[in-house]
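The residues making up each chain are set out below.
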Protein chains: 4
Amino acid sequence: MSPGLPFPQAAAALVEIGREAYGRGWLPATSGNLSCRIDADSLAITVSGRHKGQLSVADIMRVDLEGRALDPQRPSAETLLHTQLYRHFPELGAVLHTHSVNATVLSRMVGEALPLHDLELLKAFQGIDTHEIELLLPVFANDQDMVRLAARVARWLDTDPVPPGYLIAGHGLYSWGNSVENAARHLEAFEFLFECELAMKRVSAP
Amino acid sequence: MSPGLPFPQAAAALVEIGREAYGRGWLPATSGNLSCRIDADSLAITVSGRHKGQLSVADIMRVDLEGRALDPQRPSAETLLHTQLYRHFPELGAVLHTHSVNATVLSRMVGEALPLHDLELLKAFQGIDTHEIELLLPVFANDQDMVRLAARVARWLDTDPVPPGYLIAGHGLYSWGNSVENAARHLEAFEFLFECELAMKRVSAP
Amino acid sequence: MSPGLPFPQAAAALVEIGREAYGRGWLPATSGNLSCRIDADSLAITVSGRHKGQLSVADIMRVDLEGRALDPQRPSAETLLHTQLYRHFPELGAVLHTHSVNATVLSRMVGEALPLHDLELLKAFQGIDTHEIELLLPVFANDQDMVRLAARVARWLDTDPVPPGYLIAGHGLYSWGNSVENAARHLEAFEFLFECELAMKRVSAP
Amino acid sequence: MSPGLPFPQAAAALVEIGREAYGRGWLPATSGNLSCRIDADSLAITVSGRHKGQLSVADIMRVDLEGRALDPQRPSAETLLHTQLYRHFPELGAVLHTHSVNATVLSRMVGEALPLHDLELLKAFQGIDTHEIELLLPVFANDQDMVRLAARVARWLDTDPVPPGYLIAGHGLYSWGNSVENAARHLEAFEFLFECELAMKRVSAP
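The rules behind these values
- Residues numbered from 1 in each chain as written.
- Chains lettered and ligands numbered in written order.
- Predicted model: local features only at pLDDT ≥ 70, side-chain atom pairs only at ≥ 80, totals over all residues.
- Heavy atoms only, no water.
- Helix = DSSP H or I, 4+ residues; strand = E, 2+ residues; numbered from the N terminus.
- Rg over C-alpha atoms; globule rule 2.2 N^0.38 Å.
- Buried < 20%, exposed > 50% of the residue type's maximum accessible area, 1.4 Å probe, protein only.
- Contact = heavy atoms within 4.5 Å.
- Areas by Shrake-Rupley, 256 points an atom, 1.4 Å probe, with all protein chains shown as cover.
- Salt bridge = Lys/Arg side-chain N within 4 Å of Asp/Glu carboxyl O.
- Least-squares fit on C-alpha atoms with pLDDT ≥ 70 in both.
- Pairing = 2+ DSSP bridges.
- Axes fitted to C-alpha atoms, helices over the stretch in contact; angles between N-to-C directions.
- Buried area = accessible area lost by both parts, 1.4 Å probe.
- Polar contact = N/O pair within 3.5 Å; in protein donor to acceptor, adjacent residues only side chain to side chain.
- pLDDT = per-residue confidence, 0-100.
- Expected span 1.5 Å × (residues − 1).
- Arc of directions from axis to C-beta.
- Nonpolar A, V, L, I, M, F, W, Y, C, P; charged D, E, K, R; others polar.
- Core = buried A, V, L, I, M, F, W, Y, C linked by side-chain atoms within 4.5 Å.
- Parallel < 35°, antiparallel > 145°, perpendicular 65-115°, else oblique.
- Left-handed = near helix turned anticlockwise from the far one by under 90°.

Re the overall build of chain A
Across its full length, chain A holds five helices and eight strands. Along chain A, helices (α) and strands (β) appear in the sequence α-β-β-β-α-β-α-β-β-α-β-β-α when read from the amino end. The globule rule puts the C-alpha radius of gyration for 206 residues at 17 Å, and the 16 Å found for chain A is close to it. Overall, the C-alpha framework of chain A stretches about 55 × 35 × 30 Å when taken along its three principal axes. Sorting the 206 residues of chain A into buried and exposed places 60% on the buried side. Sequence separation of 24 or more characterises 60% of the internal contacts of chain A that already satisfy a separation of 6 or more. Here chain A displays about 8,000 Å² of accessible surface, and carbon together with sulfur accounts for 52% of that area.

Below, the structure is given as structure tokens:
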């Protein structure tokens with residue numbers, strides 16, 4: 001019923017997804033943070049400032065859904081952006097915040113939203129079964145004040161429906177899913193679509 | 001005589017080609033499907049929705065040449081596009097449907113066909129022994145209705161000669177060969193040629 | 001207190017960072033050199049002309065802070081650019097000189113400095129905690145005369161503050177940090193930012 | 001004195017360089033061929049049509065300096081382009097013919113020669129010790145007639161000095177050196193320089 005995983009399995013899943021996503025260049029220079037639901041009241045999240053390609057269980061800590069540490073380490077300042085998603089979507093299993101070059105660059109180019117359409121890979125997102133839709137991925141202005149940034153995200157989350165992700169300008173992507181596997185598939189699909197969009201922008205019309 | 005492989009070898013070949021092609025970014029986010037002929041009446045094909053970089057034999061099933069399941073799993077909706085090729089080409093050994101960024105992007109840019117010429121690597125396609133030809137790779141409009149899409153492909157297959165592949169716009173590539181090795185070489189050659197074409201489009205004339 | 005490492009650990013750290021950075025294409029064709037402080041008076045540095053992806057301890061030698069060999073091998077001509085940094089920053093632990101395509105290309109395009117701003121990843125640099133700054137990365141003209149080149153770098157080092165790196169036009173990047181880990185994080189951040197800058201230059205305004 | 005290697009070592013070196021260069025995308029779809037001098041009268045060369053990333057000793061054969069097979073397999077049609085280099089340069093140890101996307105694309109764009117200058121990595125070529133030179137890499141028209149193509153190359157080889165490589169339009173690169181290691185360094189340097197040149201062409205002037 002619950003999408004959560006016991007802490008050891010949650011931590012192992014984050015170590016593995018960190019290794020994979022770092023290897024693809026999506027978590028450079030200790031950037032990004034990754035989380036996985038444990039149960040209705042807590043989640044596992046990466047400790048601030050760690051090398052995401054070389055995580056071990058000691059780099060994962062528990063926080064409650066308000067972002068308060070349940071372990072002695074310091075959670076990342078961006079923990080708040082994770083916990084608001086788990087509070088909003090009871091079925092949510094994992095949140096992946098990544099910093100790829102393509103997400104960074106597109107988020108500075110497209111204004112308030114990136115429209116995605118006419119691409120078969122949109123079907124990789126849960127609940128989408130055709131390429132004949134337009135998905136609007138919002139881009140929020142970057143902000144070092146997490147409360148203010150979370151408030152902007154909250155207003156968007158109250159719209160319906162929302163795609164399983166958003167961009168922060170010059171900063172990166174938040175993506176999520178009902179399990180670590182789903183979130184990873186959504187992340188992979190977003191990054192594929194970003195690369196397509198940038199490739200199309202690079203080539204002038206025929 | 002028959003280009004087919006017994007099911008265990010066919011499945012092992014698809015697991016391996018899935019791992020390779022996923023590693024190159026050609027099968028992202030559970031997209032694509034891969035098949036290999038078993039005999040005159042059946043083929044092995046990937047089960048719908050599986051991670052193509054982590055396939056095991058349990059992710060491969062048998063279908064007949066009309067696309068009917070011979071095993072309890074659900075075949076992909078696109079199985080029809082595979083089986084029409086095996087029916088059309090008795091000597092066909094394998095079909096690889098992939099979703100690379102370059103195939104996706106080019107297929108949305110080039111109109112009804114991608115012309116390929118003056119490239120030595122065209123000689124990688126079976127039966128071609130010079131760069132001094134022009135190969136026209138057709139691009140079909142994307143369609144969630146597989147019967148309608150297969151009918152458009154069928155009309156093109158009846159022309160002669162056809163290159164060992166076609167594009168679907170915003171979707172990806174179908175490529176094939178008389179063995180898994182041949183199909184893999186054709187796929188690799190198409191992806192190389194796509195990257196060349198996109199690179200040439202990116203640079204303005206000298 | 002001292003940021004140095006005993007020679008065997010310093011050499012092992014350089015072997016590892018060489019393998020990593022070569023694998024990413026930042027040290028092609030025996031280019032580049034890598035150093036790590038041993039103590040207040042000496043450092044470990046790669047011997048001239050070695051394959052940086054296949055270093056062993058035998059490819060690492062000791063020099064003093066004036067660049068004089070403390071071991072029988074020949075230090076690289078660019079050793080002088082390393083030692084001036086260790087003399088200038090007593091807390092410096094490592095210097096990484098790399099030759100990526102992006103550093104080479106950007107350094108020939110941007111004039112006297114590359115401005116970096118509005119990018120969250122600027123926070124990867126020690127002492128920076130916001131994206132709302134502008135970091136000016138200087139670009140020095142390339143020169144085979146190391147004394148003359150070092151003199152130009154020295155004048156810039158006397159300005160305050162300096163980012164943990166500089167470019168040489170058509171040549172590459174020098175980056176550094178208080179430990180090998182810090183220097184590696186700075187290098188990774190610079191290369192990420194270079195890729196972003198080039199990607200943005202490639203796409204015309206929307 | 002002789003730059004040659006006994007056949008078993010020559011074959012092992014070609015297997016390894018094939019694996020490396022295939023992994024970088026420089027030998028796609030069975031393209032390319034690799035050779036290494038055995039002695040004054042013979043060389044080891046890859047058999048035609050083999051997968052260059054999965055070579056074994058059985059994929060390497062011996063030919064004399066006129067290109068005649070000394071083993072039962074069929075040498076590649078392009079063997080003639082290898083043997084003319086060994087005849088011309090008595091000190092030559094290895095020839096690597098590769099098909100990268102960048103070599104293919106640049107060779108179709110730059111006319112009769114690719115000028116390379118103001119790049120520190122030019123120093124990777126044997127005998128060059130400054131970036132302040134201009135190296136002119138010739139581009140020959142592609143031709144399926146190897147005798148005719150070799151004659152054009154021969155006229156260029158008689159000029160002095162020549163860089164350790166040339167391009168064939170829409171086809172790829174020949175590069176060489178006095179040992180397999182030198183040839184591999186030259187290949188890596190050429191590919192780095194090609195990537196720089198293409199990156200610079202992609203970005204309009206600042």
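There is more to say, and it comes next.
Points about the pattern of salt bridges
Residue and element names in this part refer to chain A. This structure, assessed with the given rule, holds 36 salt bridges over all chains. Across the pair Asp 143 and Arg 152 runs a salt bridge whose closest N-O atoms are separated by 3.5 Å. Asp 143 gets classed as buried once you look at its relative accessible area, which sits at 8%. One network of salt bridges, with partners in common, ties together Asp 143, Arg 148 and Arg 152.

Examining the relation of the copies chain A and chain C
With an RMSD of 0.0 Å, the fit of chain A onto chain C corresponds to turning through 90 degrees and sliding 0.0 Å along the axis. Classification of the inter-copy transformation places it as that of a four-fold axis. Considering only C-alpha atoms, the residue of chain A closest to the rotation axis is A:Arg202, which sits at 4.5 Å. Looking at the interface residues of chain A, only 5% of them are also at the interface in chain C, so each copy uses its own face.

A few points about the sheet that holds strand E7 (residues 165-168) of chain C
Residue and element names in this part refer to chain C. Taken together, eight strands build an open sheet; the order of strands is E3-E2-E1-E4-E8-E7-E6-E5 and the sheet is mixed. Single-partner strands in this sheet number two, and they are strand E3 (60-64) and strand E5 (113-117). Here the average twist between neighbouring strands, direction ignored, is 20 degrees. Bridging between strand E6 (residues 134-140) and E7 involves two bridges; their strand directions are parallel. Each bridged residue has a counterpart across the sheet, and for Val 139 the counterpart in E7 is Leu 167. Of the strands in this sheet, strand E1 (33-39), strand E2 (42-46), E3 and strand E4 (94-98) touch helix H1 (residues 7-23), which is tilted by about 160 degrees from E1. The strands touched by helix H4 (residues 146-157) within the sheet are E6, E7 and strand E8 (172-177), with E6 carrying the most contacts at an inclination of about 160 degrees.

Notes on the sheet that holds strand E4 (residues 94-98) of chain A
Residues and elements named next belong to chain A. The strand order E3-E2-E1-E4-E8-E7-E6-E5 describes an open sheet built from eight strands, whose pairing is mixed. Either end of the sheet is taken by a strand with one partner, and the two such strands are strand E3 (60-64) and strand E5 (113-117). Strand-to-strand twist in this sheet, taken as the mean axis angle between neighbours without regard to direction, amounts to 20 degrees. Strand direction decides the pairing type here: strand E1 (residues 33-39) and strand E2 (residues 42-46), joined by four bridges, are antiparallel.

So, the interface of chain D and chain B
Counting residues at the interface gives 21 residues for chain D, matched by 22 residues for chain B. For the chain D and chain B pair, buried surface summed over both sides reaches about 1,900 Å², with 63% attributable to carbon and sulfur atoms. In this assembly, chain D and chain B are joined by zero salt bridges. The interface formed by chain D and chain B includes twelve residue pairs in polar contact (both at pLDDT 80 or more). Contributions of two or more residues to the side of chain D that touches chain B are made by helix H3 (101-107) and helix H5 (180-202) of chain D.

Remarks on the confidence of the model for chain A
For chain A, per-residue confidence averages 94 on the pLDDT scale, and 98% of positions sit at 70 or higher. With pTM at 0.96, the complex prediction returns an ipTM value of 0.94.

Some words on helix H1 (residues 7-23) of chain A
Across its 17 residues, H1(A) extends 24 Å between first and last C-alpha, which sits within 8% of the 24 Å expected from 1.5 Å per residue. Restricting attention to buried positions, one finds in H1(A) the residues A:Ala10, A:Ala11, A:Ala13, A:Leu14, A:Ile17, A:Gly18, A:Ala21 and A:Tyr22. For H1(A), the angular spread of the buried residues around the axis is 160 degrees, confining them to a single face. Within H1(A), the exposed residues directed more than 90 degrees away from the buried face are A:Pro8 and A:Gly23. Buried residues belonging to H1(A) abut E1, E2, E3, E4 and helix H5 (180-202) of chain A together with helix H5 (180-202) of chain C. Note on H1(A): the residue one or two positions beyond its end, A:Gly25, has a positive phi of about 85 degrees.

Some words on the relation of the copies chain D and chain B
Placing chain D over chain B gives an RMSD of 0.0 Å and needs a rotation angle of 90 degrees, together with 0.0 Å of translation along the axis. A low fraction, 5%, of the interface residues of chain D reappear at the interface in chain B, so the copies pair through non-equivalent surfaces.

Considerations on helix H5 (residues 180-202) of chain B
An ideal rise of 1.5 Å per residue puts 33 Å on 23 residues; H5(B) measures up with 33 Å between its terminal C-alpha atoms. In terms of burial, H5(B) is a largely internal element, 18 of the 23 residues being buried.

What to know about the interface of chain A and chain C
Taken together, the 21 residues of chain A in the interface contact 22 residues of chain C. Between chain A and chain C, a total of about 1,900 Å² is buried, with carbon and sulfur atoms accounting for 63% of that surface. Our count for the chain A to chain C interface comes out at zero salt bridges. Along the contact surface separating chain A from chain C lie twelve residue pairs in polar contact (both at pLDDT 80 or more). Of all elements in the fold, only helix H3 (101-107) and H5 of chain A reach the threshold of two or more residues within the side of chain A that touches chain C. Here the residues of the side of chain A that touches chain C sort into seven nonpolar, nine polar and five charged.

Some details on the side chain of D:Ser100
Structurally, D:Ser100 can be placed in the loop between strand E4 (94-98) and H3. Take D:Ser100: its relative accessible area is 3%, and that puts it in the buried class. Within polar-contact distance, the side chain of D:Ser100 engages the backbone nitrogen of D:Ala103 at 2.9 Å. Setting aside chain neighbours within four positions, we find D:Ser100 in contact with B:Phe192, D:Gly25, D:Trp26 and D:Glu191.

Here we look at the nonpolar core
Core analysis: the biggest nonpolar cluster contains 201 residues, and A:Phe194, B:Phe194, C:Phe194 and D:Phe194 have the highest contact counts within it. Here D:Phe194 is in contact with D:Asn102, D:Ala103, D:Leu106, D:Leu114, D:Leu137, D:Leu167 and D:Leu173, once residues within four sequence places are set aside.

Let's talk about the packing of helix H2 (residues 79-88) of chain D against helix H4 (residues 146-157) of chain D
Residue and element names in this part refer to chain D. It is at 10 Å that the axes of H2 and H4 come closest, and there the two elements cross at 30 degrees. In terms of axis orientation, H2 runs roughly parallel to H4. Considering the relative orientation of H2 and H4, their crossing is right-handed. Contact with H2, carried on its side by Leu 80, Leu 81, Gln 84, Leu 85 and His 88, involves Met 146, Val 147, Leu 149, Ala 150, Val 153, Ala 154 and Leu 157 of H4 and no other residues of that element. For the contact of H2 with H4, the class distribution of residues is ten nonpolar, two polar and no charged.

A look at the side chain of C:Asn142
In this fold, C:Asn142 is placed in the loop between E6 and H4. Judged by relative accessible area, C:Asn142 falls into the buried class, the value being 13%. Among the polar contacts made by the side chain of C:Asn142, one reaches the side chain of D:Glu120 at a distance of 2.9 Å. There is a polar contact of 3.3 Å between the side chain of C:Asn142 and the side chain of D:His131. Those residues within four positions of C:Asn142 in sequence are excluded, and the remaining contacts are C:Arg152, C:Ile168, C:Ala169, C:His171, D:Glu120 and D:His131.

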